[in-house]
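Architecture at a glance
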Amino acid sequence: MAKRKTRRQQIVDLAVLAPLDWIDERTGAVRGTKWFLFRNVPRDVSWAQTLGFATLIAFLTQTLTGAILAMYYKPDPNSAYESIEHITNDLTLGWLVRGMHRWGASVFVILLFLHMGRVFLFGAYKYPRELQWITGVLLLATGMLMGFTGYLLPWDQTAYWATVVGINLNGTAPFAGPWLAQFLSSGPEIGGDTLAKWYALHMLLLPGAIFALIGVHLYLVTRLGVVSPPWSKEQAGRERPVAEPTGARAGLVRRGTEGGAK
Amino acid sequence: MSNPRHDTPHSSGPSLWPIGFAIGVACLLLGLVLSWMIAVLGAVLAIAFGLLWARDVTRDVRGDVPEIAPETRVVADELAPGAVPQHKPLPAYPRSKFLEASLIGLTGAMGAVLTLPVLGFMVLPSFTNIDEDEVDLGPLDNFPEGEYVIATYLKDPAQGEVTRRTAFVRNNGQSEAGDPSFTILYSRCVHLGCPVQPNGPIDEERRIELKNAALLPVLAQSFGCPCHGGLYDAEGNRTAGPPVRSLDRYTFSIRNGRLILGELFAVGSVSGTGANARISRYPWSTPGVHVDGVEAWLYPIVPSQVTG
Ligand code: HEM
Ligand code: FES
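Thresholds applied
Residues numbered from 1 in each chain as written. Chains lettered and ligands numbered in written order. Predicted model: local features only at pLDDT ≥ 70, side-chain atom pairs only at ≥ 80, totals over all residues. Heavy atoms only, no water. Helix = DSSP H or I, 4+ residues; strand = E, 2+ residues; numbered from the N terminus. Polar contact = N/O pair within 3.5 Å; in protein donor to acceptor, adjacent residues only side chain to side chain. Contact = heavy atoms within 4.5 Å. Near = heavy atom within 4 Å. Domains from an automatic or database assignment. Buried area = accessible area lost by both parts, 1.4 Å probe. Salt bridge = Lys/Arg side-chain N within 4 Å of Asp/Glu carboxyl O.

A short note on the side chain of His202(A)
Residue and element names in this part refer to chain A. Here His-202 is to be found in helix 9 (residues 194–224). Here the side chain of His-202 touches Met-146 through a polar contact of 3.0 Å, landing on its backbone oxygen. Other than its neighbours up to four places away in sequence, His-202 contacts His-101, Met-146, Thr-149, Gly-150, Leu-153 and Pro-207.

Written out as structure tokens, the structure reads:
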């Protein structure tokens, strides 16, 4: 005979579980969330493996503070600088949100590199996680472009001349360089259309690309799980049968090295 | 803990030859800048490893060439009398395949119709909508002979301050042929584009205001860049620092006794001075881009050659 539920359990069922079930039956959202969050991780995961998540939080902070700065910023050559001054000096808490966005940009880039360093030192880029590394490289590139495009927006002397130098650095790339530079400055040199173009890149196109890439990156993290640290004593994962390589790689794998870390 | 039978060998990794190929290409590019020997070495490496790579990749496809048997056919009248010739059924092209292909094709075409103009609008105006207004720097008397004058002007007054540019103008008097001669340097450093400054005192008292320009005489025989220490002499030739060519110059014309700035061009180097200077002229290009020497091979076509 099934045990009768206590009254408390009945209330929980009715108030929480029933609505969740209702949603899950129609969307799979609860199962999806469980798949995403309630994963098995190696017993000896290290704190260094929280760096990717820290990068994610830094990026989300940038999106939030950036979206709100956009409510007061004016991407026009004749008023951009004044609007930044206005945010910093006049508007309540403007200094704080601008400061968060400005310092947060550096935090984001530093975390990107720390996370990448962790992945490299753990050898976590190896089979089957190569595509995670590649989406990671694309995230690094778009992340750095965020910094490059954002730096122009205050439209002060530092921003302006640093961007002139940055654009012309791109211009020295062989073959396509001068074309890239002319595209970036919307003409032979920085002019009336440059600022708005960089603003659009900085707040629409690049963050959109980063969101999409993070989606793929995290899907792969969930699908493949995280590696155990290199110092782990436990054998992780399944054994990988060593197929004798052929062609140019013949002889690259030593026999008798089957299995994970010993 | 682990069960080898639960795993199947994953697809084999890519060939390693591309690494050699990449090293070859890198050597080739470096060699173009550094020395011929390295470039040749790089080319040889790239070709060798490229071939090895291609061989490796096509290994499975190539195989042995099958021997082709001579064609044989049973001719109708050789058939035994009364035998019916046999036909294999023609392969059918099912309706579902046709619909699938048309759906993909049509969606692709519609996608292209939607996105191509949009992408074009993102990229093309940077190259096609460059209106060069002529700039009037006032009567020739504004430019005493042999002296540099800093001219700041609005290239496009409608756009405002963001189009403010600076030129250094020196009246060289008459050339040997008896034409008026001006040296007009653009203030943009040809290292990476910072604002080059004249090394000498500015004569504020002789400042002249024009409609969209201002003129300031300066006593200078050289120019310096604040960003990375580039130095140029009075002809715009590099004397120190990282710049890769001489300062850009303007063409000019004289209309009703007034000096009109023309278009910008890039300068490889200048020999001689003033009215007798010999200038190696090239189409204008981004600062930092070589216009002469072997390095210029890295920039075969620059935008100003296409957009004029
Ligand atoms: C916006 C930037 C990025 C975000 C939000 C992000 C997020 C994450 C997260 C949350 C994880 C889970 C494990 C962990 O937290 O360490 C992870 C793993 C991983 N990331 Fe990133 N990442 C970013 C950039 C990069 C970059 C630049 C690389 C390398 C080029 C990279 C390569 C990897 C790899 C290979 C893994 C798998 C590591 C393992 O399984 O232990 N990621 N990423
Ligand atoms: S920009 Fe002038 S020296 Fe670098």
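A short note on the site of ligand 1
Residues and elements named next belong to chain A. Neighbouring ligand 1 are 26 residues, the closest being Gln-49, His-115, Arg-118, Gln-132 and His-217. Separating a nitrogen atom of ligand 1 from a side-chain N or O atom of His-115 is a distance of 2.8 Å. Note that a nitrogen atom of ligand 1 is positioned 2.7 Å from one of the side-chain N or O atoms of His-217. For the shell around ligand 1, the elements supplying multiple residues, two or more each, are helix 3 (51–69), helix 5 (94–121), helix 6 (130–152) and helix 9.

Describing the domain arrangement of chain B
All names here are of chain B. Assigned domains within chain B: domain 1 (15–60 + 93–128) and domain 2 (135–298). On a C-alpha basis, the centroid separation for the pair domain 1 and domain 2 is 42 Å. Domain 1 puts four residues into the contact, and the matching count from domain 2 is four residues. Interface area, domain 1 with domain 2, both sides summed: about 360 Å², of which 86% is carbon and sulfur. If you sort the residues of domain 1 by the area they bury against domain 2, Leu-32, Val-33 and Trp-36 come out on top, with a joint share of 93%. In this structure, the connection of domain 1 to domain 2 is made through zero salt bridges. Linking domain 1 with domain 2 are zero residue pairs in polar contact (both at pLDDT 80 or more), by the criterion used here.

Examining the side chain of Gln182(A)
By secondary structure assignment, the location of Gln182(A) is in helix 8 (residues 177–184). A polar atom in the side chain of Gln182(A) sits 3.1 Å from the backbone oxygen of Ser126(B).

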